[in-house]
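Below, each chain spelled out in residue letters.
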Amino acid sequence: MQILYSFESSLFYIMYGVYLADVILSESNYCNINGIGKILFLMRILVTLGMLGIIFLNKKIDIYKLIYSFCFAIFLILSVIIKQNGISLVFMLLIVIASKNKSLEKIFKITIKGTLFTYCFVYLSSLLGIIENTIVTRQLEVSFWSGEYQRVSMGFFNANQVPLTVLYLFFMYIVQKKDKIKYYEIFLILIVGLYVYEKCNARTPLLLLVLTCFMYVIMKNIKTVYIFNKRSSIYRYLWVFIFPMCTIISFLLAAFYSKNSGIMQLLDAIFNHRISLAHDALFYYGIGILGHGKNAGTYAGKLADNTVDNGYIVTFIQSGIIIGIGIILMWAILTWLSIKYENKYLLLILLMIAIANLIDCQFSSYRTLPFYCILFNEKDSFLEYYKNSLCIKLMSET
């Protein structure tokens, strides 16, 4: 039985690594080479079948989680069939279920190392001329950012992909290392962020990276008890509403946007017209039960000149009310778990992800996949920051 469990775990880690490499290459200009895109899609199907086998072998999956996952999967599949929604969420759901009883630390490490390796491979390929390194010109009209800028894709379809990945890798690194990150490491990540910004000209990921570094330093020097105030259960659990509140704020801003409001115009300019674009898409598509498909709110949709970057609004537009609420509920549960285990670093990163998705949607991205895996491994000691740090402190004193 132990041999079977070891085989199943090893198989999961290998297939998870293959999946990561696959989806990253699928977002690169390697897909412009004839036949590569089809091969990568076939690999994803094979990984999916493998994950189904792992789920079948795993006898320890909680029945209530399986029921919730089954119901969620039904709506995902209906959305794919009826509304031509993306199938990526189905792949992700199977991986999350298969991750049950796997090491969260290993999952985070594989994600960080696998993503770094594949991104470096793609960037090197673009420098060597194996794939195209697309360069586009961007025109901005926002205060001191106004002007014309060149954006280098670094071998990917979109110039935002590398900056966003640097940001989310840092998120994962903080969750993995907790208070063990050295100040020189923070300095190095800022150097990388500035280099990527100089290439890709993506403001938001850089600003969020700087803010995360700043908040991490503060969090590192604040005692855990001050964040998780046990005297007030109401204050303690207010954090759970981070994602629902961001959802409400997003819809209120989009719904009540007006060109006649000076404040709205200013906010819209600061966020590079994201509010007005969300307003147009929201009133054009509306919110359906199963959504309007993967192209709604993108350049490939019916509003060709409109793309919605707000993760909360685009999730509900594309996937519908049921799936949208389900996704927000998952992130609220993750926030609750960070409070339960008094893991201030996980709470910090969840806060940053909530803010980041106001500007760039990553709810259905491989960049957030390790966080979803926490839902099926909530008893993993990896989450217990306070107890672990206390044990280390006691051991050092004896």
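Residues numbered from 1 in each chain as written. Predicted model: local features only at pLDDT ≥ 70, side-chain atom pairs only at ≥ 80, totals over all residues. Heavy atoms only, no water.

*Asks:* I keep staring at the pattern of salt bridges and nothing clicks. Help me out?
*Replies:* A side chain with one charge can pair with a side chain of the opposite charge if their charged atoms come near. Under the definition given, this model contains six salt bridges. Salt-bridge contacts for Glu8 lead to Lys102; the nearest nitrogen and oxygen are separated by 2.5 Å. Placement of Glu8 in helix H1 (residues 2-26) and of Lys102 in the loop between helix H4 (88-98) and helix H5 (104-127) is noted, with a sequence separation of 94 residues between them. Here Glu8 matches Lys102 in class, with each residue buried. Through salt bridges with shared partners, a single ionic network connects Arg274, Asp309 and Asp360. (Salt bridge = Lys/Arg side-chain N within 4 Å of Asp/Glu carboxyl O. Helix = DSSP H or I, 4+ residues; strand = E, 2+ residues; numbered from the N terminus. Buried < 20%, exposed > 50% of the residue type's maximum accessible area, 1.4 Å probe, protein only.)

*Asks:* Sorry, what's going on with helix H6 (residues 161-177) here?
*Replies:* Think of an α-helix as 3.6 residues a turn; residues three or four steps apart then line up on the same face. Between its terminal C-alpha atoms H6 stretches 24 Å, which fits the 24 Å expected from 17 residues at 1.5 Å a residue. Most of H6 sits inside the fold, with 15 of its 17 residues counted as buried. One or two residues past the end of H6 sits Lys178, with phi positive at roughly 55°. (Expected span 1.5 Å × (residues − 1).)

*Asks:* Which parts of the structure should I look at to understand the side chain of Glu8?
*Replies:* The exposure class of Glu8 is buried, given its relative accessible area of 3%. Among all residues touching Glu8, those that are not within four sequence positions of it are Ile54, Leu57, Asn58, Ala98 and Lys102. (Contact = heavy atoms within 4.5 Å.)

*Asks:* Would you mind showing me how to read unusual backbone geometry here?
*Replies:* With the exception of glycine, the majority of residues adopt a negative phi angle, and the majority of peptide bonds are in the trans configuration. In the Ramachandran plot, Met154 falls in the positive-phi region, its phi being about 60° despite a non-glycine side chain. With respect to the element layout, Met154 can be found in the loop between strand S2 (147-152) and H6. Classification of Met154 as buried rests on a relative accessible area of 4%. One non-glycine residue, Lys178, lies in positive phi territory at about 55°. The topology assignment puts Lys178 in the loop between H6 and helix H7 (183-200). Of the residues examined, Lys178 reaches a relative accessible area of 8% and is grouped as buried.

*Asks:* What is the right way to read the packing of helix H11 (residues 242-255) against helix H15 (residues 344-356) from this model?
*Replies:* Two packed helices can be described by the angle between their axes and the distance between those axes. Where H11 contacts H15, the axes come no closer than 10 Å and their chain directions differ by 10°. If you check the angle between H11 and H15, you find them roughly parallel. As H11 packs across H15, the resulting crossing turns out to be right-handed. Packed against H11, whose contacting residues are Ile242, Phe243 and Cys246, the element H15 presents Leu347, Leu350, Leu351, Ile353 and Ala354 at the interface. Partitioning the contact of H11 with H15 into residue classes produces eight nonpolar, no polar and no charged. (Axes fitted to C-alpha atoms, helices over the stretch in contact; angles between N-to-C directions. Parallel < 35°, antiparallel > 145°, perpendicular 65-115°, else oblique. Left-handed = near helix turned anticlockwise from the far one by under 90°. Nonpolar A, V, L, I, M, F, W, Y, C, P; charged D, E, K, R; others polar.)

*Asks:* Can you walk me through the nonpolar core in this structure?
*Replies:* Taken as a class, soluble globular proteins show a tendency for nonpolar side chains to be buried jointly. If you look at the biggest cluster of nonpolar residues, it comprises 107 residues, and the most contacted ones within it are Phe12, Met51, Phe243, Trp331, Phe371, Tyr372 and Ile374. Those residues in contact with Met51, other than ones at most four positions away along the chain, are Phe12, Met15, Tyr16, Leu94, Ile95 and Ala98. (Core = buried A, V, L, I, M, F, W, Y, C linked by side-chain atoms within 4.5 Å.)

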